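Spelled out from the first residue to the last, the chains are:
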Amino acid sequence: MSYQGLEKKRQFKLQCFSCKSEYNLDDYGKFYHCTKCGNLLEVKRLRQSPAEFESKLPGIWKYFDLIPLWNKENIVSLFEGDTSLFECKNLGRQLGLKTLYVKFEGLNPTGSFKDRGMTVGVSKAKELGYKRTMCASTGNTSASLAAYAAKAGIPCIVLVPKGKIAMGKMAQAIAYGAEIFQVDGNFDDSLRVASEICERDNTTLLLNSLNPFRIEGQKTVSFEIVEQLCGKFPDSVILPVGNGGNISAVWKGFSEMFEIGLDRLFQTRLAGEKLPRLIGVQAEGAAPIARAFESGLKDRIDPVLSPHTEASAINIGSPVSWMKALGAIYESGGASYAVSDDEIFAAQRVLASTEGLFVEPASATPIAFLAKCAKEKPVEYASLEDSTVVCICTGNGLKDPNALLKGVTPDQIQTISADATSLERILA
Ligand code: F0G
C-alpha cells in the first residue's frame, strides 16, 4: 500500500455502534456485526484534520478525504452524486411552506441514492480483494450493486422477494448482468438468507446498508445539501425510511460536517448554525420505526411480521438499522411518522405536476407527510412553516411506472382522429 494509503488508514477505525468495541477496518466482511454484543458496526474518522475537496475526482469522490478508501486507483465510479437541489416554490406555496427544497436522488446513474453507497461499497470490495458481492433488495440496491459490480468486473448475486419488486428495477439488474434469485418470502427473509451466506463465505462481500462502507458513501448527500445551500444547514430534512440505513447516513454526514466546522469547509461563519432535525417517513403498512417513535421507544422496535405497502422500496418489517435510525431521529430532535399508500400516490402526482419531478412512490413519502401536515396542522407544522425544509426524494419515478398507472387503462386516455380540426374542436 502507498504511503498516503497507510497514512489515511490511520485516520479511520471500525467500531461497534452500541458497545464501541474497536476493530481493524480491513477485517470488515470477515464478520458483519460486533463480535462482543452483536450490534451493527460503523466507521469513525479519528483525526478531524481539515478535509480538502478534490474536485478532479469523479462523483462523490471529491470528498475522498472523508471516505475510508485507501487508494484512489480502487475507485469504481459512474459519476454518482452531485444531484440537483430544486427549490420548489409552486409546491411550497400550495403547502404553506416558506422554503421547500427537493434533493432529487433519482438523478443518480442508476436512478437512486443507492449509487452513493454502492460506489464506496464496491470500491472497497475491490480494495479488499473480494471475489464476489451479494445483496438482498427491494429493487434499488440490486440495480445499483449490479451496475457497480459490472463496472468493477466483480460478479454479483442479488436476492429479491418474489413478485414484490418494481419491473424497472428488475430490468436494470438483468441488463447489468447480475445473477438474480427470487426468494419465496419478503425482503426481511431475503436479507436473512444473504447475510447467512456471506457470514459463512469470506470471499463474498454483503453490500446491504448494514455494510458501514455503504453508509460512508451515502453520507455525502448531506455534504452536498450544505454546499448547495451555500454553507448553511437546513432546519429540517425529511426522508423515507425502510431499513433505516439512509437516515443514519444522512445524520452521520451532517454531524461530521458540524464536527469539522462549516467555517473550515466553506469559509462561512459557524455562529448560530444548528444541525437539522431529521424526520423519517414510513408507509403505514410497514412502519415499525414510526410506531416505535410514536410510543417513545428508544431501545427496541416491534417488527411488522407481514409488511405491506405499494411503495415496494420500503416494504420492510424488520429494519436491520433500526438502532442507528432511532439514534439519528432522537439525537437530531427529529421525529418519525407514517403515511398511507393513498397519501403517497397523491403526493407523487402533486410533486410531478407542480414541480416537474417524477419520483418513485417510496420517495414521495416526505411530500405525503408535508401534505398531511398542511391539512391537519399538527404542532409539528409550526416548526416547518417558516423554516428551510429539504425533502430527500430517493428514487426515480421511471423505475416503477406501473405503480402510477394502476387503474389507468389506455382507453381512459382520449383518442382523436388524425386531423387537427377534431382536436381544435375539443380544445375550444
Ligand atoms: N427510498 C428508496 C427509493 C429505497 O429504495 C429505499 C430502500 C429507501 C428509500 C429506504 O432506505 O432502507 O436505507 O432506510 N431500498 C432498499 C433496496 C431496501 O433494497 O433497494 P433505507
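Residues numbered from 1 in each chain as written. Predicted model: local features only at pLDDT ≥ 70, side-chain atom pairs only at ≥ 80, totals over all residues. Heavy atoms only, no water.

K.L.:
Would you mind going over the packing of helix α4 (residues 140–152) against helix α5 (residues 167–175) in detail, with residue names and values included?
P.N.:
Where α4 contacts α5, the axes come no closer than 8 Å and their chain directions differ by 20 degrees. Relative to α5, α4 is oriented roughly parallel. In this structure, α4 meets α5 at a crossing whose hand is left-handed. Residue-level inspection shows Asn-140, Ser-142, Ala-143 and Ala-146 of α4 in contact with α5, the latter providing Lys-169, Gln-172 and Ala-173. Residue composition of the contact of α4 with α5, grouped by class: 3 nonpolar, 3 polar and 1 charged. (Axes fitted to C-alpha atoms, helices over the stretch in contact; angles between N-to-C directions. Helix = DSSP H or I, 4+ residues; strand = E, 2+ residues; numbered from the N terminus. Parallel < 35°, antiparallel > 145°, perpendicular 65-115°, else oblique. Left-handed = near helix turned anticlockwise from the far one by under 90°. Contact = heavy atoms within 4.5 Å. Nonpolar A, V, L, I, M, F, W, Y, C, P; charged D, E, K, R; others polar.)

K.L.:
How would you summarise the environment of Pro-319 if you had to cite specific residues and measurements?
P.N.:
Here Pro-319 lies in the loop between α11 (288–294) and α12 (322–331). Between the C-alpha atom of Pro-319 and that of Ile-329, which follows or precedes it by 10 residues, the distance is 15 Å. With residues near it in sequence (within four places) discarded, Pro-319 still touches Gly-242, Asn-243, Gly-244, Pro-288, Ile-289 and Ile-301.

K.L.:
Explain helix α3 (residues 114–127) to me, using residue names and the numbers behind them.
P.N.:
With 14 residues, α3 ought to run about 20 Å at 1.5 Å a step, and its terminal C-alpha atoms sit 20 Å apart, in line with that. Burial analysis of α3 places 13 of its 14 residues in the buried class, which makes it a mostly covered element. Of the residues one or two after α3, Gly-129 is the one with positive phi, at around 80 degrees. (Expected span 1.5 Å × (residues − 1). Buried < 20%, exposed > 50% of the residue type's maximum accessible area, 1.4 Å probe, protein only.)

K.L.:
Could you give an account of α12, naming the residues involved and the relevant values?
P.N.:
The buried fraction of α12 is high, at 7 of 10 residues. Among the residues of α12, those classed as buried are Trp-322, Lys-324, Ala-325, Leu-326, Gly-327, Ala-328 and Ile-329. On its buried face, α12 sits against β3 (41–45), α9 (245–260), β11 (277–283), α11 and β12 (335–339). Taken from the residues just after α12, Gly-333 is the one with a positive phi, measuring 70 degrees.

K.L.:
Talk me through the sheet that holds strand β1 (residues 12–16); I want residue IDs and the actual numbers.
P.N.:
Either a parallel or an antiparallel arrangement is found when strands of a sheet pair, and the pairing is made through backbone hydrogen bonds. Sheet architecture is open: 3 strands sit in the order β2-β1-β3, paired in antiparallel fashion. Only two strands of the sheet have a single partner each, and these edge strands are β2 (22–23) and β3. The pairing of β1 with β2 spans 2 bridges and is classified as antiparallel. Looking at β2, one finds that Gln-15 is bridged to Glu-22. (Pairing = 2+ DSSP bridges.)

K.L.:
Now, about the site of the ligand: what can you tell me, with residues and values included?
P.N.:
Near the ligand there are 20 residues, and of these Thr-138, Asn-140, Asn-243, Asn-246 and Thr-394 occur at the shortest range. Measuring from a nitrogen atom of the ligand, one finds a side-chain N or O atom of Lys-114 at 2.8 Å. A distance of 2.8 Å is found between an oxygen atom of the ligand and a backbone nitrogen or oxygen belonging to Asn-246. Burial of the ligand by the protein chains amounts to 99% of its free accessible area of 480 Å². At the level of elements, α4 and α9 are the ones that each hand at least two residues to the shell around the ligand. For the shell around the ligand, a count of residues per class yields 6 nonpolar, 12 polar and 2 charged. (Near = heavy atom within 4 Å. Polar contact = N/O pair within 3.5 Å; in protein donor to acceptor, adjacent residues only side chain to side chain. Areas by Shrake-Rupley, 256 points an atom, 1.4 Å probe, with all protein chains shown as cover.)

K.L.:
Got a sec to walk through the packing of helix α13 (residues 341–355) against helix α14 (residues 365–376)? Specific residues and values, please.
P.N.:
The N-to-C vectors of α13 and α14 enclose an angle of 100 degrees; their axes lie 8 Å apart at closest approach. Overall, the two elements α13 and α14 adopt an arrangement that is roughly perpendicular. For the pair formed by α13 and α14, the contact residues are Glu-343, Ile-344, Ala-347, Val-350 and Leu-351 on the first element and Thr-365, Ile-367, Ala-368 and Lys-372 on the second. A per-class count over the contact of α13 with α14 returns 6 nonpolar, 1 polar and 2 charged.

K.L.:
So what's going on with the sheet that holds strand β7 (residues 156–161)? Residues and values would help.
P.N.:
Taken together, the 4 strands give an open sheet; going across it, the order is β8-β7-β6-β9, and neighbouring strands pair in parallel fashion. The open sheet has two edge strands, β8 (179–183) and β9 (204–206), and neither has a second partner. Strand-to-strand twist across the sheet, computed as the mean angle between neighbouring axes with direction ignored, equals 20 degrees. The strands touched by helix α6 (residues 187–200) are β6 (132–136), β7, β8 and β9; relative to β6, the strand with the most contacts, the crossing angle is about 155 degrees.

K.L.:
Hey, could you go over the pairing of strand β13 (residues 388–393) for me, with residue numbers and the actual values?
P.N.:
Burial runs high along β13: 5 of the 6 residues are buried. Pairing geometry for strand β5 (residues 99–104) and β13, over 6 bridges, is parallel. Counted as the bridge partner of Val-102 is Cys-391 from β13.

K.L.:
So what's going on with a nonpolar patch on the surface? Which residues, and what values?
P.N.:
Taken together, the side chains of Ile-416, Leu-423, Ile-426 and Leu-427 make up a nonpolar region of the molecular surface, amounting to roughly 360 Å² of accessible area. Positionally, Leu-423 belongs in helix α17 (residues 420–427). (Patch = residues over 30% accessible without salt bridge, like charges linked within 9 Å, V, L, I, M, F, W, Y side chains within 5 Å. Salt bridge = Lys/Arg side-chain N within 4 Å of Asp/Glu carboxyl O.)

K.L.:
Describe the pattern of salt bridges, and please don't skip the residues or the numbers.
P.N.:
Evaluated as defined, the whole model comprises 24 salt bridges. Among the ionic pairs, Lys-124 bridges to Glu-127, the shortest N-O distance being 2.8 Å. Pair noted here: Lys-124 and Glu-127 are both in helix α3, with a separation of 3 residues, about one helical turn. No difference in accessibility class separates Lys-124 from Glu-127, as the two residues are buried. In this structure, Glu-360 engages Lys-169 in a salt bridge whose closest nitrogen and oxygen atoms are separated by 2.8 Å.

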